[in-house]
Every structure is written in structure tokens, then in C-alpha cells.
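Letter by letter, the chains look like this.
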Amino acid sequence: MTVAAKLSLGCIADDYTGASDLANTLTRAGLRTVQTIGVPAADLVLPEVDAVVVSLKSRSIEAGLAVTRSRAAEQWLRGRGAEHILFKICSTFDSTDAGNIGPVMDALRADSGDTIVLVTPAFPETGRTVYQGNLFVGAVPLNESPLKDHPLNPMHDSNLVRVLARQSKTKVGLVDLATLGRGVDAVRAKLADLAAKGIGAAVVDAVFDRDLEIIGQVALDHRVSVGASGIGLGLARALVAAGKVKPDAVNAMQDMAVGGPPACLAGSCSQATLQQIASAEKVMPVLHLDPERVVAGKDEAQRALAWAKDRIGDGPILIASSATPDEVAALQSRHGRDAAGHAIEQAMADIADGLVQSGVRRLVVAGGETSGAVVDRLRIPGFLVGAEIAAGVPVLRAVGISSGDMLLALKSGNFGGPEFFSDALALMR
């Protein structure tokens, strides 16, 4: 890959939809941004950019492997001049007591030489706030939100100081909202005090957008930070304010229609995605896969492709493997969590591959794990970031593929309004 100038910001995202969310946020803030899939190959040529977001599928894999992949991404970004690395995680802190946020943070901190790392998943624009170290989803604590039923990483504790401490080898402290309200110097002093006590990570409260700007300014004092797209926004604004980046007036997405049949895939089991599927059923044909048949090895993918073949010439379609939390729990109890999840992801990837071979060039995918499986199967090395469909979800133009132009939207399960699928296709010409 060729980048013509030194990167102002390097980012490592632990899943593909989260990477799209961050790339979208950075683009809106004025940074010319490219999202890559995995650590880029040496021969992938991209335009001059301010930031690169390296997308990994490392959120739910074995912690040691997540660390290895994250370190490889960090080394690549440092080699392109990035002085600050943001490890981008989910705004709902998706993880277990085994990781992978803590182990990756520990490794990046050790490599960077930082004594303390700022951590916050807050992104007030999307309803994610942190107060007294507790993560809120809208008006309720994380452990009372629908995320308590997440099929891979159910979240049962909203106190991020406790959650991160169970994963990390370092002590974890807190920079509270009162300290943040006193400004940049107060936050710096608090971090210095925590570091002097042997604390290596600090969860930082954030309730308003202006809090993110203070966090971004302070984070640039360090070589590594950890958080969701909210801290990315703070970093971007700090870079612009410091004159290190000139806001880009040209949209990275070329205004060129792709055409071809559109299709949608939904693998997320979040309440938001289930509502979006219900809305889509009013305006397009929808096929619901039978998860039991998928996990049992029945050929649901071929059934779906046969169903799609008769319909894609007439307009958009949607194929969904999504199910309610109770249905997911029952499926996992019969077959095991990992086996069930892997089978469904691979079936959705098979369907995506078949759709593209049938001429689909506009593809909307809902669900982080599903998006990762689809992009991997299609062998897409990177994206230019285009127009925003919904908060955290941009239109992406694939780069470096041999099959010609293609537009995608990769949506985290909880993002987007009820009409998301229709909204996305309206911007993907």
C-alpha cells in the first residue's frame, strides 16, 4: 500500500462495522480517511489520507490471537508515521472477563511506552455516555439494556472500572465528570496522579460532545488510547484545532453510480435490527433463514440464493438469519455458542458471495460478525468512506477488488433507525 504522506492518526478497530463507524466519524470531522480490511498488503495503492482505520475481526476470538493481530496493525501504522494509535472498541464495551479489550490494551500500552492509557466508549451522539465510570445506553445502565442479552458478549456489569480491571493486568482508575469539567489541565493532573499510584488505565467519564473534545486534546499527549468513535471524534477535532490536519472539503467517495441489483443481509439479533427487518418487510421481499437448519448443515444458503435469483431483478431483497434473544439462547444451548455463531456467519458469507456472483453490486449488511464474515469472503481489501446513512454508518466504496465497483454499508446491530435498509439503498446508487 502506498500512502503519500505521514498519517496524522492510526486506528485499529476490533470489528468491521465498528471500523466503518469510526471511519465515518473521522471523515465527517474533516479527516481524509480510508478503512482497510486487515493489515494492508504492500501492493494496495490508496490516495493520500490523514487517517487509516485498520479493521480486524478480533473482538470475540482468543485473546492471544487478538493481541498478535492488533500488534501487527500497530506496527504497520507506526511505520507510516502515526504518532497516536486509537484502539477502537464497541461503544457498549462488548467483551468478556477474558478480553479482548484488556489484553489488547495492555499490549499496545507496553509497546508504546505510555504509563497510562485513556479509555472511554462514550459517544453521546449515539446515546452512549459514561458517568462515574458506569456506561449508559440511552437512559439505562448497560446491564439493564438489551445488551445484557448479546449472543456473544452479554454485558451484565455497567461499571467499566470493574469490567476492565477483570480483563487487564494493570490497575484501572477513573477520571470523573467533575474533573473533566475543570478542563484539560485538570484532566492531565488527574492522569499524572493516577499514574504515580501505579494505575495504568483510566476510564474517563463523558456525557456531552464537549467532553470528547477535552479527552481528545489530552489523548494526543499519549501514544495510545482506547475507546469508541466518540474518542475518535475528539481526536479528530483536536488534530484540526492544532493545525495538524486541514479539514477536507472533498468527499472521499467519488460521485459515481454503481448500479446493478441491490440486496440486504441481516445477521444481527439486536432489537434495533429486528425492528428494521419488520419495517423492510413492508417494502421488499424478505426471506427468513431457519437457524436450526443452518447449524445442522442443511443447505439453507443454496435455498436462499435460489429464492433471490427469482427476485433480484425486480428490486431490493433482504435475507435474514436474525432471531429473538430467546431463540438464540435455545439454539446455543443445543449446539454451543461458538458453533452456532460460526455456522450462521459462514452461511451468510456464502449467500453474499453468491449474490455478488449473480451481479449484486450494492450490498447492505447488518451485524458486526456477519459483516466481518461477508467482507472476508468477498476479499475486499479496503474502502473509501462516503456519505453517512445513519449515525456511525457510512456508504463504503470497495477498493482493490477485481470485480469492479461495489458499494457496501456495514451496520452494527444496534445502529440506524427503523427504515435503515431503505435509507441505505437510497444513498447507494
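Residues numbered from 1 in each chain as written. Predicted model: local features only at pLDDT ≥ 70, side-chain atom pairs only at ≥ 80, totals over all residues. Heavy atoms only, no water.

The name an unreviewed UniProt entry gives the protein is 3-oxo-tetronate kinase, with Bradyrhizobium macuxiense as the organism. According to the UniProt record, the Function (unreviewed entry) comment for the protein reads "Catalyzes the ATP-dependent phosphorylation of 3-oxo-tetronate to 3-oxo-tetronate 4-phosphate." (UniProt positions renumbered as here; feature names shortened; annotations may be inferred.)

### Some points on the overall build of the protein
Regarding its fold elements, the protein presents 15 helices and 18 strands. The C-alpha atoms of the protein give a radius of gyration of 21 Å, which matches the 22 Å a tight globule of 429 residues would have. Taking the principal axes of the C-alpha coordinates as reference, the protein spans close to 65 × 50 × 35 Å. Burial statistics for the protein: of 429 residues in total, 60% are counted as buried. When contacts within the protein are restricted to residue pairs at least 6 apart in sequence, those whose partners lie at least 24 apart make up 74%. Accessible surface for the protein amounts to roughly 16000 Å². Of this, 50% is attributable to carbon and sulfur atoms. Across the protein, the mean location of the 41 positive side-chain charges is 3 Å away from that of the 47 negative side-chain charges. (Helix = DSSP H or I, 4+ residues; strand = E, 2+ residues; numbered from the N terminus. Rg over C-alpha atoms; globule rule 2.2 N^0.38 Å. Buried < 20%, exposed > 50% of the residue type's maximum accessible area, 1.4 Å probe, protein only. Contact = heavy atoms within 4.5 Å. Areas by Shrake-Rupley, 256 points an atom, 1.4 Å probe, with all protein chains shown as cover. Lys, Arg positive; Asp, Glu negative; His and termini not counted. Charge placed at Lys NZ, Arg CZ, Asp CG, Glu CD.)

### Quick notes on the domain arrangement of the protein
Each domain of the protein was delimited in the assignment, giving domain 1 (9–242) and domain 2 (262–427). For domain 1 and domain 2, the distance between their C-alpha centroids amounts to 27 Å. One can count 2 salt bridges joining domain 1 with domain 2. Residues Lys57 and Glu345 are paired through a salt bridge, measuring 3.1 Å at the closest nitrogen-oxygen approach. Scanning the region where domain 1 abuts domain 2 turns up 6 residue pairs in polar contact (both at pLDDT 80 or more). (Domains from an automatic or database assignment. Salt bridge = Lys/Arg side-chain N within 4 Å of Asp/Glu carboxyl O. Polar contact = N/O pair within 3.5 Å; in protein donor to acceptor, adjacent residues only side chain to side chain.)

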